[in-house]
Amino acid sequence: GENVEQHPSTLSVQEGDSAVIKCTYSDSASNYFPWYKQELGKRPQLIIDIRSNVGEKKDQRIAVTLNKTAKHFSLHITETQPEDSAVYFCAASKNNDMRFGAGTRLTVKP
Amino acid sequence: DTEVTQTPKHLVMGMTNKKSLKCEQHMGHRAMYWYKQKAKKPPELMFVYSYEKLSINESVPSRFSPECPNSSLLNLHLHALQPEDSALYLCASSQDRGGAAQPQHFGDGTRLSIL
């Protein structure tokens, strides 16, 4: 089955700096890669996603890149703000079968 | 506002009890999911329903019994649970487009404690 690895497990940045989270996946059949943000005690919320036929996607301060050949994808957050502090999960999906990475706890210090 | 509604928000039950978790969505989604999330861990896929039929069962113990009575509702029936089953149970839904995976929308979850 699909195995998703995510790094780093924790990330601390100063407000205004950039944050990068990296994931790798094992199943070449996976074709959809969402990123979820989960604040403490709340549900996972989709923040951005990318399909396997696209190399990069951007939405304001958030961008995701995908390298299908290497089977890795990354989340980039620019101009970080304290409200970006949360746990971020990458995921890889084929059909309706979605598997999550272990998560990255991002702390943005004011 | 969450578009996937889960009830109850919290549930405490003994190991011999029978209870059910409920999930409802009115977005016209035809795929519905149950995930289990332990503290400081990612959600783990348990079951997937596609057009009201069970399509994925991740070797979940039979003490968890899913049911999809119609396209808007998803239940998870619980019986004889163990303390290690204490977790946040998340429901999600998505459009179902065959081989093209779709964004999943999560509910707020039911926090389950087994005494």
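So, here is what we can say about the structure in this document. If you're wondering where the values come from, they're calculated on a predicted model, not measured in any experiment.

Let's shift gears to the nonpolar core. Core analysis: the largest hydrophobic core is formed by 23 residues, its most contacted members being A:Trp35, A:Phe73, A:Leu75 and A:Leu106. Of all elements in the fold, only β2 (10-14), β3 (19-25), β4 (32-38), β5 (45-51), β7 (62-67), β8 (72-77), β9 (86-94) and β11 (104-109) of chain A reach the threshold of two or more residues within this core. In this view, A:Phe73 contacts A:Ile21, A:Lys22, A:Cys23, A:Tyr25, A:Phe33, A:Trp35, A:Thr65, A:Leu66, A:Cys90 and A:Ala91; residues no more than four positions away in its chain are not counted. Among the nonpolar cores identified, the runner-up in size contains 22 residues, and B:Val60, B:Leu76, B:Leu78 and B:Ile114 belong to it.

What follows deals with the side chain of B:Ser94. With respect to the secondary-structure elements, B:Ser94 resides in strand β9 (residues 87-94). The residues touching B:Ser94, leaving out its near neighbours within four places in the chain, are A:Asn96, B:His29, B:Arg30, B:Ala31, B:Tyr33, B:Gln102, B:Pro103 and B:Gln104.

With that settled, the discussion passes to the pairing of strand β4 (residues 31-37) of chain B. Remember that side chains alternate between the two faces of the sheet whenever the strand is regular. Residue and element names in this part refer to chain B. Within β4, 7 of the 7 residues are buried, leaving the element largely enclosed by the surrounding structure. Neither face of β4 is open: one carries Ala 31, Tyr 33, Tyr 35 and Gln 37, the other Met 32, Trp 34 and Lys 36, and all of them are buried. Counting the residues that bridge the hairpin from β4 to strand β5 (residues 44-50) gives 6 residues, and of these Lys 40 lies at a positive phi of roughly 65 degrees. In this sheet, β9 lies alongside β4 in antiparallel orientation, the contact comprising 7 bridges. Within β9, the position partnered with Met 32 by the bridge is Ser 93.

Moving on: the layout of surface pockets. Considering only enclosed or pocket space, the largest pocket measures out at about 460 Å³ in volume. Taken together, 23 residues line the largest pocket, and the ones lying closest to its centre are A:Val87, A:Arg105, B:Ala39, B:Lys40 and B:Lys41. Elements supplying a minimum of two residues to the lining of the largest pocket: β9 and β11 of chain A together with β9 of chain B. Top contributing element to the lining of the largest pocket by residue count: β9(A), with 3 residues. Residues of the lining of the largest pocket, tallied by class, amount to 8 nonpolar, 8 polar and 7 charged. In this structure, the second largest pocket encloses a volume near 290 Å³. Every residue lining the second largest pocket is counted, 18 residues in all, and those nearest its centre are A:Arg99, B:Pro43, B:Glu44, B:Leu45 and B:Glu58. The set of elements that each furnish at least two residues to the lining of the second largest pocket consists of β10 (97-100) of chain A together with β4 and β5 of chain B. Its residues assigned to classes, the lining of the second largest pocket shows 11 nonpolar, 2 polar and 5 charged.

About the thresholds
Residue positions are given per chain, counted from 1 along the sequence in the order it is written. Labels follow written order: the first chain is A, the first ligand is 1, and so on. Local features in this predicted model are restricted to residues of pLDDT 70 or higher, and side-chain atom pairs are both shown and tallied only at a pLDDT of 80 or more, whereas totals for entire chains, interfaces and linings draw on every residue. Water and hydrogen atoms play no part in the side-chain values, which are based on all heavy atoms of the structure. What is meant by a nonpolar core is a set of buried Ala, Val, Leu, Ile, Met, Phe, Trp, Tyr and Cys residues, joined one to another through side-chain atoms within 4.5 Å. Residue exposure (1.4 Å probe, protein chains only): buried if accessible area is under 20% of the type maximum, exposed if over 50%, otherwise partly exposed. A run of H or I in DSSP becomes a helix once it reaches four residues, and a run of E becomes a strand once it reaches two; helices and strands are each numbered from the N terminus. In what follows, a contact means two residues having at least one pair of non-hydrogen atoms within 4.5 Å. Two strands make a pair as long as DSSP finds a minimum of two bridges between them. Only protein atoms enter the 1 Å grid used here. Points where a 1.4 Å probe fits but cannot escape make up a cavity, open sets with protein on both sides within 12 Å along at least five of seven lines make up a pocket, and a residue lines them when an atom lies within 4 Å of a point. Grid points are joined across faces, edges and corners, and a volume is the space filled by probe spheres set on the points. Just so you know the grouping, Ala, Val, Leu, Ile, Met, Phe, Trp, Tyr, Cys and Pro go in nonpolar, Asp, Glu, Lys and Arg go in charged, and all remaining residues, Gly too, go in polar.

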